[in-house]
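If you want the building blocks of each chain, they are given just below.
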Amino acid sequence: MKNISILGSTGSIGTQTLEIVRNNKDINVSALAAYGNIELLEKQIREFKPEIVCVYDENKAKVLKENVKDLDIKVVTKMEGLIETATCNDAEIVVTAVVGMIGIRPTIEAIKAGKDIALANKETLVTAGHIIMKLAKDYNVKILPVDSEHSAIFQSLRGNKNEQLEKVILTASGGPFRGYTKEQLKNVTLEQALNHPNWSMGKKITIDSSTMVNKGLEVMEAKWLFDVDYDHIQVVIQPQSVIHSMVEYKDGAVIAQLGTPDMKIPIQYALYYPDRVFLEGDRLDFYKLSHLDFYEPDLETFKGFRLAYEAGRKAGSMPTVYNAANERAVALFLQGKIKYLDIPDIIEECMKKHQIIDNPNLEEILEVEQKTYLNIDELLK
Ligand code: MN
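To start, this report covers the structure provided alongside it. (Residues numbered from 1 in each chain as written. Predicted model: local features only at pLDDT ≥ 70, side-chain atom pairs only at ≥ 80, totals over all residues. Heavy atoms only, no water.)

This brings us to the sheet that holds strand β11 (residues 254-258). Whenever strands of a sheet pair, they do so through backbone hydrogen bonds, lying parallel or antiparallel. Strand order in the open sheet formed by 4 strands is β9-β8-β10-β11, and the pairing between neighbours is mixed. If you trace the sheet from one side to the other, it starts and ends with β9 (233-237) and β11, each paired once. When the angles between neighbouring strand axes are averaged without regard to direction, this sheet yields 20°. Bridge analysis of strand β8 (residues 165-172) against strand β10 (residues 243-249) gives 5 bridges, and the strand direction is antiparallel. Paired with Lys 167 across the strands is Glu 248, a residue of β10. (Pairing = 2+ DSSP bridges. Helix = DSSP H or I, 4+ residues; strand = E, 2+ residues; numbered from the N terminus. Axes fitted to C-alpha atoms, helices over the stretch in contact; angles between N-to-C directions.)

Given below as structure tokens:
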């Protein structure tokens, strides 16, 4: 029996993780955490019977506590609560599927408590990769990527030596606006941006896929996960989302991982690593597939993607600015307060204003995040 804790259990990755648990008898849920969707969380509690559950929103935590008083369960709240669910005694693996920089502290504490991390929170490595990867090494815990691209690279690296790696090749679907010109992007609506061709995901990441900022964040994550520099991380558009990513070795051999676009494959791989178990779902049918397409990303039209390489190369606290500016800009776009192309413009403005802090500690990272939000407020006045 493997015990897991899920941070962000009511989101897209969280619910799919629980589907995997439901279909396998050898995984037990020790802890769950959600932001505030207590209706779904209560259903999850009654089905999966964790010992401890965190509702980040304090008022909603009180309501949930009342609603589940017939059960023997501890309900906790806020950052201390999130950390308690991340470090809960029984759990061997913590699935970090919360959205945003809120995921960094619980991830750090989980590593210190010796838990393996099934990492689905991008912000953790983007903003604090230098802290997290060192800690994971010091505490001898595994960082198991859940994102489909990083899982594909992780799988393609098995049985080979990292020193013999030439480059990693991240694939991207290109999103709903692949092939668009900048002019065509000007009047993109929220509805169009939320309509991803292949993957079903949360709203924030769906917008990020359409701007290709998501791929930019993934490039930065890949740098930390696989210890490669930016000159050796290539992105290629693969519109069918069949090749999930690849690695090229010194001898020119390329190894890729392919499959249907189903997030349960990488989630389950992280939970069972190094084993593979049955997973129900469609299989690739190469007779029907007939062809795969590849394109170079358009760095001019998708400025948010180009800026990611720039932020990553500048390093230090710059990736935090990139991430925070995007996070806030996407929230404003989702609220209908800014236009689509304001998203990359806001990121660029915030990066221009920023004085880089080298090797920032956690406090500095969180300060830079807040400062970036303030800069955006000012920018929009
Ligand atoms: Mn991805």
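Let us now look at the pairing of strand β5 (residues 93-96). Alternating positions in β5 separate into two faces, Ile 93 and Val 95 on one and Val 94 and Thr 96 on the other, with burial throughout. Alignment of strand β1 (residues 2-7) against β5, held across 4 bridges, turns out to be parallel. Note that in β5 the partner of Ile 6 across the bridge is Val 95. As paired strands, β5 and strand β6 (residues 116-119) are joined by 4 bridges and run parallel to one another. (Buried < 20%, exposed > 50% of the residue type's maximum accessible area, 1.4 Å probe, protein only.)

Glancing now at the coordination of the manganese ion. Coordination sphere of the manganese ion, protein contribution only: Asp 147 (OD), Glu 149 (OE) and Glu 218 (OE), at 2.1 to 2.2 Å. Considered as a linear motif, the donors of the manganese ion on their single chain read D-x1-E-x68-E. Here Glu 149 is found in helix α7 (residues 148-156), whereas its partner Glu 218 is found in helix α11 (residues 213-226), with 69 residues between them in sequence. There is no split in this pair, since Glu 149 and Glu 218 are both buried. (Donors = N, O, S within 2.8 Å, 3.2 Å for Na, K, Ca; no water.)

Where helix α5 (residues 104-112) meets helix α6 (residues 122-138), the axes come as close as 10 Å, and the angle between the chain directions of the two elements is 15°. Here α5 is positioned roughly parallel relative to α6, judged by the angle of their axes. Here α5 runs over α6; the crossing is right-handed. Of α6, the residues touching α5 (which contributes Ile 104, Thr 107, Ile 108, Ile 111 and Lys 112) are Glu 123, Thr 124, Thr 127, Ala 128, Ile 131, Ile 132, Leu 135 and Ala 136. (Parallel < 35°, antiparallel > 145°, perpendicular 65-115°, else oblique. Left-handed = near helix turned anticlockwise from the far one by under 90°. Contact = heavy atoms within 4.5 Å.)

All right, on to the packing of aromatic side chains then. Scanning the model with the defined rule gives 9 aromatic pairs in all. Here Tyr 35 and Tyr 56 contribute two aromatic rings whose centre-to-centre distance is 5.5 Å and whose plane-to-plane angle is 25°, an arrangement assigned as stacked. In this pair, Tyr 35 is assigned in the loop between β2 (27-34) and α2 (38-48) and Tyr 56 in the loop between β3 (52-55) and α3 (58-67), connecting sequence segments 21 residues apart. Accessibility expressed as a relative area gives 23% for Tyr 56, which makes it partly exposed. Between Phe 154 and Tyr 269, the ring centres sit 6.3 Å apart and the planes meet at 80°, which makes this aromatic pair edge-to-face. Taken as a pair, Phe 154 in helix α7 and Tyr 269 in helix α12 (residues 264-272) lie far apart in primary sequence, 115 residues in all. With a relative accessible area of 4%, Tyr 269 lands in the buried category. Through a chain of ring-to-ring contacts, three or more aromatic side chains come together here, namely Phe 177, Tyr 180, Phe 333 and Tyr 340. The aromatic ring of Trp 224 is capped on one face by Lys 223, whose charged end is 4.5 Å from the ring centroid. We note Arg 328 situated over the ring of Tyr 373; from NZ or CZ to the ring centre the distance is 4.0 Å. (Phe/Tyr/Trp six-rings, centres within 6.5 Å; stacked < 30°, edge-to-face > 60°. Lys NZ or Arg CZ within 6 Å of the ring centre and 35° of its normal.)

Among the nonpolar cores identified, the biggest contains 116 residues, and Leu 64, Ile 233, Leu 271, Tyr 322, Tyr 340 and Ile 343 are the most heavily contacted of them. It is helix α15 (residues 318-334) that provides the largest number of residues to this core, a total of 8 residues. Contact partners of Leu 271, with chain neighbours within four places excluded, come to Lys 2, Ile 4, Thr 17, Ile 20, Ile 27, Ile 93 and Val 95. (Core = buried A, V, L, I, M, F, W, Y, C linked by side-chain atoms within 4.5 Å.)

What follows deals with the state of the cysteines. Under the definition given, this model contains 0 disulfides. Cys 88 provides the cysteine sulfur closest to Cys 54, a residue in no disulfide bond, and the two sulfurs are 12 Å apart. Accessibility expressed as a relative area gives 0% for Cys 54, which makes it buried. Residue classification places Cys 88 among the buried residues on the basis of a relative accessible area of 9%. (Disulfide = S-S within 2.5 Å.)

Contact pair α2 / α3: the axes reach a minimum separation of 11 Å and the direction vectors enclose 40°. By the criterion of interaxial angle, the relationship of α2 to α3 is oblique. Handedness of the crossing formed by α2 with α3: right-handed. Where α2 abuts α3, its residues Ile 38, Leu 41, Glu 42, Ile 45 and Arg 46 lie against Lys 60, Val 63, Leu 64 and Asn 67. Here the residues of the contact of α2 with α3 are counted per class, giving 5 nonpolar, 1 polar and 3 charged. (Nonpolar A, V, L, I, M, F, W, Y, C, P; charged D, E, K, R; others polar.)

Cis rather than trans, the peptide bond between Tyr 273 and Pro 274 has omega equal to 5°. The backbone of Asn 140 sits at a positive phi, close to 55°, despite the residue not being glycine. Following the sequence through the fold, Asn 140 ends up in the loop between α6 and β7 (143-145). Since its relative accessible area comes to 70%, Asn 140 is described here as exposed. In this structure, Ala 315 takes a positive phi of about 60° despite not being glycine. Along the chain, Ala 315 falls in the loop between α14 (303-314) and α15.

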